[in-house]
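Okay, here's what each chain looks like letter by letter:
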Amino acid sequence: TGPGGKPGIAWTSTYAAVGMNAFGLPVLTDGMNEKGLAGGILYFPDYAGYADPAKADPKSAMAPWDFLTWALTNFATVAEVKAALAGITIVDVAQPQMGITPPFHYTLHDAGGASLVIEPVGGELKVYDNPFGVMTNAPDFGWHLTNLKNYVKLSPVNAPDIKVGGQTISSFGQGSGLLGIPGDPTPPSRFIRALGYAMSAQKLPSGEPSVRLAEHILNNFDIPVGFIQPGGGGTADLEYTQWSSVADLKNRRYYVKTYDDQVLRAVDLTSFDLDAKALAVAPLKPMPTPPPLAFPKP
């Protein structure tokens, strides 16, 4: 979709990709491709600023919701995406189902361990290498990096005892090195918390062990319905964790669980015909009834 909702940039997919979509459209909001490049569209309210559609070349222009699909179906690595950004323009165009131009920024990660943040600000794309591999929402990525200076003492290692007036003072228990890590759901606090988990995560073999570890980390960012309320009579219909996903970049498996069904389900890209001519769609129907516990008869 280009300026004014008319056709914009066009391409033929090079790589197969799997992920979550929205509004039934053939675009990805979160996903991974066959080369192990993964990414997500993240909300960026009050900071996103797209290019003027009246000044954009339609042949290189795309809507904000098209970017991730373009990246995942064209490139194998973060470096390739970075090199191609000069040839595209993300324009201000309303999304029909939402009725607004959605404020987005983007995060990408590849199988080699590189990460990238792309943010449309003031009509241009600001690009950041992301050595930390974590990202949330507003403010901009540069602000989040500056905010890290407030947390230089955080550590997964317990804080040592201190002596004051000849007395030894010890912590109450385990985890004292992380005392003060923010626990609220604001984007700046989630950024710090995510970094804390990422820096302390145990190194595990790829596949199921690391996927389960990632799932446990994600559980700490699960926002239930009602936890965030705007006040003033407004509603918070979307202010909860609708889904969580894990991308196994080595084994090319994409896992997802939804608010109504907390069991991880997987799509194995290696099991598909990646040169197929049609899209494969899998509705996520919740299966919330847990299996019964089996007790031996007395």
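Before reading further, recall that the structure is shown in the block above.
Structural notes, computed from the coordinates. (Residues numbered from 1 in each chain as written. Predicted model: local features only at pLDDT ≥ 70, side-chain atom pairs only at ≥ 80, totals over all residues. Heavy atoms only, no water.)

1. Here's the deal with the overall build of the chain
Piece 1. Scanning the chain from N- to C-terminus turns up five helices and 13 strands.
Piece 2. On the principal axes, the C-alpha backbone points of the chain span a range of 75 × 60 × 45 Å.
Piece 3. Each of the 298 residues in the chain was classed as buried or not, and the buried ones make up 37%.
Piece 4. For the chain, the exposed area adds up to about 17,500 Å²; of that, 58% sits on carbon and sulfur atoms.
Piece 5. Treating the 21 positive side-chain charges of the chain as one cloud and the 26 negative ones as another, the clouds have centres 5 Å apart. (Helix = DSSP H or I, 4+ residues; strand = E, 2+ residues; numbered from the N terminus. Buried < 20%, exposed > 50% of the residue type's maximum accessible area, 1.4 Å probe, protein only. Areas by Shrake-Rupley, 256 points an atom, 1.4 Å probe, with all protein chains shown as cover. Lys, Arg positive; Asp, Glu negative; His and termini not counted. Charge placed at Lys NZ, Arg CZ, Asp CG, Glu CD.)

2. Description of the environment of Gly112
Piece 1. Considering the arrangement of structural elements, one finds Gly112 in the loop between strand 6 (104–109) and strand 7 (115–121).
Piece 2. With 69 residues separating them in the primary sequence, Gly112 and Ile181 have C-alpha atoms 29 Å apart.

3. What to know about the environment of Gln202
Piece 1. One can find Gln202 in the loop between helix 4 (187–200) and helix 5 (208–219).
Piece 2. On a C-alpha basis, the gap between Gln202 and Leu213 in space is 8.3 Å, while along the polypeptide they are eleven residues apart.

4. Section: the pairing of strand 7
Successive side chains on a regular strand alternate, one facing one side of the sheet and the next facing the other.
Piece 1. Among the seven residues that make up strand 7, six are buried, leaving the element largely enclosed by the rest of the structure.
Piece 2. Strand direction decides the pairing type here: strand 6 and strand 7, joined by four bridges, are antiparallel. Bridging from a neighbouring strand, Leu108 pairs with Leu116 of strand 7.
Piece 3. Counting the residues in the hairpin turn of strand 6 and strand 7 gives five residues, including Gly113, whose phi is positive at 100°.
Piece 4. Across six bridges, strand 7 lies against strand 8 (residues 124–129) in antiparallel orientation. Bridge pairing in strand 8 links Leu116 to Asp129.
Piece 5. Once strand 7 ends, the chain turns through two residues before running back antiparallel as strand 8, passing Gly122 with a positive phi of about 60°. (Pairing = 2+ DSSP bridges.)

5. A short note on a nonpolar patch on the surface
Piece 1. Judged by side-chain polarity, Phe23, Tyr43, Met98 and Ile100 come together as a nonpolar surface patch covering roughly 360 Å² of accessible area.
Piece 2. By the secondary structure assignment, Tyr43 is in strand 3 (residues 38–43).
Piece 3. On the accessibility criterion, Tyr43 (36% relative accessible area) is partly exposed. (Patch = residues over 30% accessible without salt bridge, like charges linked within 9 Å, V, L, I, M, F, W, Y side chains within 5 Å. Salt bridge = Lys/Arg side-chain N within 4 Å of Asp/Glu carboxyl O.)

6. Considering the side chain of Ser60
Piece 1. Mapping Ser60 onto the fold places it in the loop between strand 3 and strand 4 (61–62).
Piece 2. Using a relative accessible area of 16% as the deciding quantity, one classes Ser60 as buried.

7. Quick word on the side chain of Glu119
Piece 1. As for its placement among the helices and strands, Glu119 is situated in strand 7.
Piece 2. Despite being buried, Glu119 has no salt bridge partner; Lys126 is the closest side chain of opposite charge, sitting 7.0 Å away.
Piece 3. Engagement of the side chain of Glu119 in a polar contact is seen with the backbone nitrogen of Phe141, the distance being 3.1 Å.
Piece 4. Setting aside residues up to four positions removed in sequence, Glu119 forms contacts with Phe44, His105, Glu124, Leu125, Lys126, Tyr128, Met135, Asp140 and Phe141. (Polar contact = N/O pair within 3.5 Å; in protein donor to acceptor, adjacent residues only side chain to side chain. Contact = heavy atoms within 4.5 Å.)

8. Observations regarding the nonpolar core
Piece 1. Membership of the largest hydrophobic core comes to 30 residues, with the highest contact counts inside it found for Phe67, Trp70, Val81, Tyr106 and Leu108.
Piece 2. At five residues, the largest contribution of residues to this core is made by helix 1 (residues 67–74).
Piece 3. When near neighbours in sequence (up to four residues on either side) are disregarded, Val81 contacts Leu37, Phe67, Ala71, Phe75 and Leu108.
Piece 4. One finds Val117, Tyr128, Leu154 and Ile217 within the second-largest nonpolar core, a separate group that totals 13 residues. (Core = buried A, V, L, I, M, F, W, Y, C linked by side-chain atoms within 4.5 Å.)

9. Things to note about helix 4
Piece 1. Taking 1.5 Å per residue, 14 residues should reach 20 Å; helix 4 reaches 20 Å between its end C-alpha atoms and fits that length.
Piece 2. Residues of helix 4 that are buried include every one of Pro188, Ser189, Arg190, Phe191, Ile192, Arg193, Ala194, Leu195 and Gly196, and no others. (Expected span 1.5 Å × (residues − 1).)

10. What about the sheet that holds strand 6?
Piece 1. Here we have six strands laid out as an open sheet, ordered 1-2-3-6-7-8, and antiparallel in their pairing. Across the chains shown, the open sheet's two edge strands, defined by having one partner strand only, are strand 1 (17–20) and strand 8. Neighbouring strand axes in the sheet, compared pairwise and without regard to direction, differ in orientation by 20° on average.
Piece 2. Examined bridge by bridge, strand 1 and strand 2 (residues 30–33) share four bridges and lie antiparallel to one another. Bridging from a neighbouring strand, Val18 pairs with Met32 of strand 2. (Axes fitted to C-alpha atoms, helices over the stretch in contact; angles between N-to-C directions.)

11. So, the pairing of strand 3
Piece 1. Strand direction decides the pairing type here: strand 2 and strand 3, joined by three bridges, are antiparallel. Bridge pairing in strand 3 places Asp30 opposite Gly40.
Piece 2. Hairpin connection from strand 2 to strand 3: four residues lie between these consecutive antiparallel strands, with Gly36 at a positive phi of about 85°.
Piece 3. Pairing geometry for strand 3 and strand 6, over six bridges, is antiparallel.

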